[in-house]
Amino acid sequence: MGYAKIIGVGKYLPDNVVTNEYLSTIVETNDEWISTRTGMKERRITTGEDTTDLAVEAAKNALYNAGISAEEIDLIIVATTSPDSLIPCMACRVQEQIGAVNAAAFDLTAACSGLIYGLNIGKNFICSGQFKKVLVIGSEVLSKIVDWTDRNTCVLFGDGASALVIAESEDIDGIKSVHIGADGSKGKYLTCSALKLENIFVNDDKEYDNKIRMNGKEIFKFAVNIISDSIRQILDENNLSMDDIKYVVCHQANSRIIEFAAKRLNADVKKFYMDMDKFGNTSSASIGIALDDIVKDGMLNKGDKVIIAGFGGGLTWGSALIEWAIE
Ligand code: ACO
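Rules and cut-offs
- Residues numbered from 1 in each chain as written.
- Predicted model: local features only at pLDDT ≥ 70, side-chain atom pairs only at ≥ 80, totals over all residues.
- Heavy atoms only, no water.
- UniProt positions renumbered as here; feature names shortened; annotations may be inferred.
- Near = heavy atom within 4 Å.
- Polar contact = N/O pair within 3.5 Å; in protein donor to acceptor, adjacent residues only side chain to side chain.
- Areas by Shrake-Rupley, 256 points an atom, 1.4 Å probe, with all protein chains shown as cover.
- Salt bridge = Lys/Arg side-chain N within 4 Å of Asp/Glu carboxyl O.
- Buried < 20%, exposed > 50% of the residue type's maximum accessible area, 1.4 Å probe, protein only.
- Helix = DSSP H or I, 4+ residues; strand = E, 2+ residues; numbered from the N terminus.
- Pairing = 2+ DSSP bridges.
- Contact = heavy atoms within 4.5 Å.

- Taking an unreviewed UniProt entry as the reference, the chain is identified by name as Beta-ketoacyl-[acyl-carrier-protein] synthase III belonging to Clostridium tepidiprofundi DSM 19306.
- As stated in UniProt under Sequence similarities (unreviewed entry), the record for the chain gives "Belongs to the thiolase-like superfamily. FabH family."

Written as structure tokens, this is what we have:
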């Protein structure tokens, strides 16, 4: 088994900025409630671009940053819960639009844990020797499945995309201790229906709710526990302490979830990167968006260790130890 490493990161966000003040004009809420309960101040909401459009731009940026061409990619995985079509999948659309003519392509759905699920799959393809370069994208236009009359959810989510290029590595074991998991018994806490069961034999008149519904308190408890437990597991199995970790990049669902998780670990919350104030919760895109910002700000050097940890609908979770491999 060889190694895999991240060789490029990219992101793309729609231009349209939606502030807490704006949201207070469409539902009964206010900046004080949203920012103190979630850490969010603004998010981006598309005015026309769909999930593929965001994915394509994030992919181009990641390829540019990796310094490779689209033809070199062997596999494209798009993690999304808000696709713009079922057939073709987003990954095939991206494949066509970026000209990745040599790539296999498929989508996966693991909600906000999707990017880490994709990273795990891509790493395994590379380490088994089947592929040399894999593009993993998280792309979401959650504004399509948000109920804009429900203040419990509409203030939380944003649209955006991020992409990671991973490649075979001879020197650095750049993606290690990857853990993914799920607890379907808690799936009821975060739901959104897809297509209605209707065919020549079935005429189901049951109401289908194709908007996000959430039990925020249950997700909150789940998230604090799973994030802190996963980080502890990664530290223990690599004989590391938090002093060895440059940053922890969690799914950006709520600053209080991250603060509670840091407290449970007795860790300095300053190590936990947060940008939900700018972008809200962009589901499968959020960890990659944060990583791209960290890289752009020159905050990572080759050899630095970063823990990523996500959780989301399903309920699902994922975590990994990244050794930064880019100079
Ligand atoms: N503005 C003003 N008041 C609000 C708003 C709002 N936007 N939303 C809810 N409230 C009210 C509620 O109606 C409630 O009022 P009541 O007491 O009169 O009934 C009150 O505020 C308190 O509501 P709670 O739900 O108890 O608020 P809480 O402190 O739990 O915060 C929140 C809610 C922010 C949703 C929190 O539970 C949370 O972040 N949970 C995790 C959510 C999450 O991570 N979701 C996504 C995970 S997976 C994925 O990313 C797809």
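Next comes the rest of the account.
**Examining the site of the ligand**
- As a matter of local geometry, the ligand sits amid 24 residues, with Thr29, Cys112, Lys217, Asn254 and Asn281 nearest to it.
- With respect to the ligand, the side chain of Trp33 contributes an N or O atom lying 3.3 Å from an oxygen atom.
- For the ligand, a nitrogen atom lies 3.0 Å from a polar atom in the backbone of Arg151.
- Here the ligand loses 75% of its free accessible area of 1,000 Å² to cover by the protein chains.

**Looking at the pattern of salt bridges**
- Inspection of the entire model under this criterion finds 20 salt bridges.
- When the shortest N-O distance is used, the salt bridge between Lys186 and Asp183 registers 3.1 Å.
- Lys186 gets classed as partly exposed once you look at its relative accessible area, which sits at 28%.
- Asp183 sits in the partly exposed class, given a relative accessible area of 21%.
- Through salt bridges with shared partners, a single ionic network connects Lys11, Lys278, Asp292, Asp293 and Lys296.

**A word on the pairing of strand β6 (residues 133-140)**
- Burial analysis of β6 places eight of its eight residues in the buried class, the great majority of the element.
- Residues Lys133, Leu135, Ile137 and Ser139 of β6 are buried on one face, and the alternating residues Val134, Val136, Gly138 and Glu140, pointing to the opposite face, are buried as well.
- Relative to strand β7 (residues 160-169), β6 runs antiparallel, the two being bridged by eight bridges. Considered in β7, the bridge of Gly138 is made with Ser162.

**Focus on the side chain of Ser82**
- Structurally, the position occupied by Ser82 is in the loop between β4 (75-79) and α4 (90-98).
- Note on Ser82: relative accessible area 2%, which makes it buried.
- With residues up to four places along the chain from it excluded, the contact list for Ser82 reads Thr51, Ser139, Glu140, Val141, Leu142 and Lys144.

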